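An overview of the molecular structure
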Amino acid sequence: MQLRLEYRDAPVRTPITPWVHTGVDAMYWKATVFDPPTPKPVHGKGYPVWFIDHRGRSLVFASPEEIDHVIDILSRKILPSSRELGKPHLAVNSHWLSRLHTSFKPWKVRQELVKKLKTAPIV
């Protein structure tokens with residue numbers, strides 16, 4: 001399991017973003033202002049994007065708040081249901097956890113994943 005930080009020229013939105021960053025000035029897909037705010041670009045580098053790779057698959061994070069949210073969900077011994085997590089948006093099957101690949105779901109893998117995510121560099 002490898003954690004890496006890269007930079008992009010434009011802001012990145014991940015499948016986790018709508019569950020963490022609420023659009024203030026419009027619905028999520030049209031919003032330009034979010035609460036909590038999305039990261040600003042780092043001068044000379046761009047917008048930070050975190051990746052964690054496991055068995056040929058990657059989880060992508062656009063902010064430290066997204067990392068904290070995933071740590072909160074995946075650190076639970078019993079994962080919450082998609083119905084419970086999808087309530088704010090009434091989107092049961094579109095929650096990132098329902099789309100998470102099965103290779104990330106075993107308890108042992110989640111423990112390792114959470115441990116690694118807690119070491120993510122904050123910019």
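The structure contained in this document is the topic of the report that follows. These numbers were taken from a predicted model, which means no experiment stands behind them.

Section: the overall build of the chain
Summing up its helical and strand segments, the chain has five helices and five strands in all. Secondary structure elements of the chain, listed N to C terminal, follow the sequence β-α-β-β-β-β-α-α-α-α. Each of the three principal axes of the chain carries a C-alpha extent, and together these read 40 × 35 × 20 Å. When the 123 residues of the chain are sorted by exposure, 38% land in the buried category. By sequence separation, contacts in the chain at least 24 residues apart represent 62% of the contacts at least 6 residues apart. Only carbon and sulfur atoms are counted for the fraction: they give 55% of the accessible area of the chain, which is about 7,500 Å².

Remarks on the pattern of salt bridges
If you walk through the whole model with that rule in mind, you get four salt bridges. Measuring nitrogen to oxygen at the nearest pair gives 2.4 Å for the salt bridge that ties Arg4 to Glu6. Here Arg4 falls in the partly exposed class, since its relative accessible area comes to 25%. On the accessibility criterion, Glu6 (24% relative accessible area) is partly exposed. For the salt bridge of Glu6 with Arg8, the shortest nitrogen-to-oxygen distance reads 2.9 Å. We classify Arg8 as partly exposed; its relative accessible area is 32%.

What counts, and where the lines are drawn
- Residues numbered from 1 in each chain as written.
- Predicted model: local features only at pLDDT ≥ 70, side-chain atom pairs only at ≥ 80, totals over all residues.
- Heavy atoms only, no water.
- Helix = DSSP H or I, 4+ residues; strand = E, 2+ residues; numbered from the N terminus.
- Buried < 20%, exposed > 50% of the residue type's maximum accessible area, 1.4 Å probe, protein only.
- Contact = heavy atoms within 4.5 Å.
- Areas by Shrake-Rupley, 256 points an atom, 1.4 Å probe, with all protein chains shown as cover.
- Salt bridge = Lys/Arg side-chain N within 4 Å of Asp/Glu carboxyl O.

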